[in-house]
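Listed below, chain by chain, are the residues.
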Amino acid sequence: MSDHDSSSSASHTDGEMEEEMEEEMEEEMEGDGGTNEKLDPSSSLYSFSSSLRAVIRIKQKYQAMKKRRQEMVLALGGAGALRGAPARTSPKIFTFDGPSNSLIPPPSVPQKKKRRRRKRVLFPNRRQRRAVPRQEPSRAKYCLYLLCTIVFLQVYNAIENLDDHVLRYDLEGLEKTLRREVFGQQGAVEGLLSHLKDYLSTYIHNKPLVVSLHGPTGVGKSHLGRLLAGHFRSVVGETLVLQYYVLHHCPLEADALQCAHNISALVSVMVEQAEEEEKIPLFIFDEAEHLHIEILDALQQLVASTQSNEYQNAIYLFLSNLGHAHITKHLLHNSTSISMAMTASGRHSNLVKELTPVLRNTLKKLHPLWWEVAILPLGLLEKSHVMECFLDEMTREGFYPDHTNIERLAGEIEYYPTVGGREFSQTGCKQVVAKVNLL
């Protein structure tokens, strides 16, 4: 037998085995189906066990047929290899009979292509084929995608609105102005800016921002209030900023009740206007130590958290020298223990931490309003700060800033006894303007 005969017989045998295997599988399935038809449909457990046994028998027959086919292929391949040894060939002699048949290679027998059988789902109780049920896409998934998109857009829009709200008040420009114009109070400036940034980062609040600056005379409380008022007038408008000087607007105690009524009416008008324009107004009360009881009562009602929403979107700033004795005593007694390497913000944070309980206990005896405020103490000014005040004022007035002349003018200011190598001014920069005007 030649190689061609062995390959053709192997392919023929494979085809016969495949057909035989398919016939046996179909007979098995038909027999199983007939058995299932004879059974009671209600016996689901028995039908399941019979189908399982049919599957096991099919698998065993398939493995046996597969093994037998492999053995036959190996046997045919071995015989072909033995017969494939070089055989005798007759000498090639030229004839006129045409090309020899021995020189023509045998035609290749096309192998039978295996047809891909379509997968089908067989049910144990029924012989007919059924297609796999088609799953319809869930609409809930698209609704979830839409909801996530809406939430993302809302959050993004809220963040953009917060940024726009902070940028409206130009707090960076305010910080530069305060650092340039206020001397010796960098810690208090940072504390005040921190309160403003936290409050102005959103428009909806549950209570107004109430801050009280306390310090001795000449440390820059009124100057800081004027700078804040000027900045807010430029960003929110003239009508939404109130600077109230007690000794100027209400000097007589007999008019205290009328002054309190006027303040309440004015604040109500301003907060309603600010609510319409979606802005936050600023109320500055300078010389707050001279506020009458009636005015303090009216202000306490305004800053109470029970007021409506427009009253909660407001900033109240009190400038006072209440508690200045405690601040002066603390600085003079603790100057030696304060490290010079500590930053201004670090020194001020320690000052706030140690003085806030003392000042609050002192202020609560005067009026309950002071329980609602955030206290920021301002420390004493040193001689170097007084010299900076002279330099700034002389530059404003057009004088040549001679360092020798500045030291002479700063030496005319009264100071406390030197403590820890530091000289604290008794009047701060209060006399600087008057001395520069005498030049």
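Data block above holds the structure.
Computed from a predicted model, the values in this text were never measured in an experiment. Residue positions are counted from 1 within each chain, in the order its sequence is given. Under the rules for a predicted model, residues below a pLDDT of 70 receive no local features and side-chain atom pairs below 80 are neither given nor counted, while totals for whole chains, interfaces and linings still include all residues. With hydrogens and water excluded, all non-hydrogen atoms of the structure serve as input to the side-chain values.

### Some points on empty space enclosed by the protein
At step 1: Cavity: a set of points on a 1 Å grid over the protein atoms alone where a 1.4 Å probe fits but cannot get out. Pocket: an open set with protein on both sides within 12 Å along at least five of seven lines, its lining residues, like those of a cavity, having an atom within 4 Å of a point. Grid points are joined across faces, edges and corners, and a volume is the space filled by probe spheres set on the points. Per the stated rule, a full pass over the model turns up 2 cavities of 30 Å³ or more.
At step 2: As a volume, the largest cavity reaches approximately 50 Å³.
At step 3: Around the largest cavity sit Leu192, Leu196, Leu209, Val211, Leu228, Leu282, Ile315, Tyr316 and Leu317, which together line it.
At step 4: Of all the secondary-structure elements, those providing two or more residues to the lining of the largest cavity are α5 (186-200), β1 (209-214) and β4 (315-320).
At step 5: Labels follow the DSSP assignment, with helices taken as runs of H or I lasting at least four residues and strands as runs of E lasting at least two, numbered in each case from the N terminus. It is β4 that contributes the most residues to the lining of the largest cavity, 3 residues altogether.
At step 6: Any residue that is not Ala, Val, Leu, Ile, Met, Phe, Trp, Tyr, Cys, Pro, Asp, Glu, Lys or Arg is counted as polar, Gly included; the first ten are nonpolar and the last four charged. Tallied by class, residues from the lining of the largest cavity come to 9 nonpolar, no polar and no charged.

### What about the nonpolar core?
Nonpolar side chains in soluble globular proteins tend to be buried together.
At step 1: Among the nonpolar cores identified, the biggest contains 40 residues, and Phe283, Ile295, Leu299, Tyr316 and Phe318 are the most heavily contacted of them.
At step 2: Going through the elements one at a time, β2 (241-245), α8 (256-277), β3 (282-286), α9 (293-303), β4, α11 (324-334) and α12 (344-363) are the ones with two or more residues in this core.
At step 3: When checking whether two residues touch, look at their non-hydrogen atoms; a contact exists if any pair is within 4.5 Å. With near-sequence residues (within four places) excluded, phenylalanine 318 lies in contact with Val210, Val211, Ser212, Leu213, Phe285, Ala288, Leu291, Leu299, Leu369, Trp370 and Val373. Remark: nonpolar core denotes a set of buried residues (Ala, Val, Leu, Ile, Met, Phe, Trp, Tyr, Cys) joined through side-chain atoms within 4.5 Å. Remark: exposure states derive from per-residue accessible area (1.4 Å probe, protein chains only) relative to the maximum for the residue type, with buried under 20%, exposed over 50%, and partly exposed in between.

### Some details on helix α14 (residues 403-411)
Each α-helix winds once per 3.6 residues, and so residues spaced three or four apart point in a common direction.
At step 1: Inspection of α14 places Asn405, Ile406, Leu409 and Ala410 among the buried residues, and these make up the whole buried set. Projection of α14 onto a plane perpendicular to its axis shows the buried side chains occupying an angular sector of 135°, all on one side.
At step 2: Looking at the buried positions of α14, the neighbouring elements they touch are α13 (383-397) and α15 (432-437). It is the directions from the helix axis to the C-beta atoms whose arc is reported.

### Some points on the pairing of β4
At step 1: Burial of β4 is extensive: 6 of the 6 residues sit out of reach of the surface.
At step 2: Every second residue of β4 is oriented toward a common face, with Ile315, Leu317 and Leu319 on one face and Tyr316, Phe318 and Ser320 on the other, all of them buried.
At step 3: Judged from the 6 bridges that link them, β1 and β4 form a sheet pairing that is parallel. Looking at the pairing, valine 210 lines up with tyrosine 316 of β4. Only strands joined by at least two bridges in the DSSP assignment are considered to pair.

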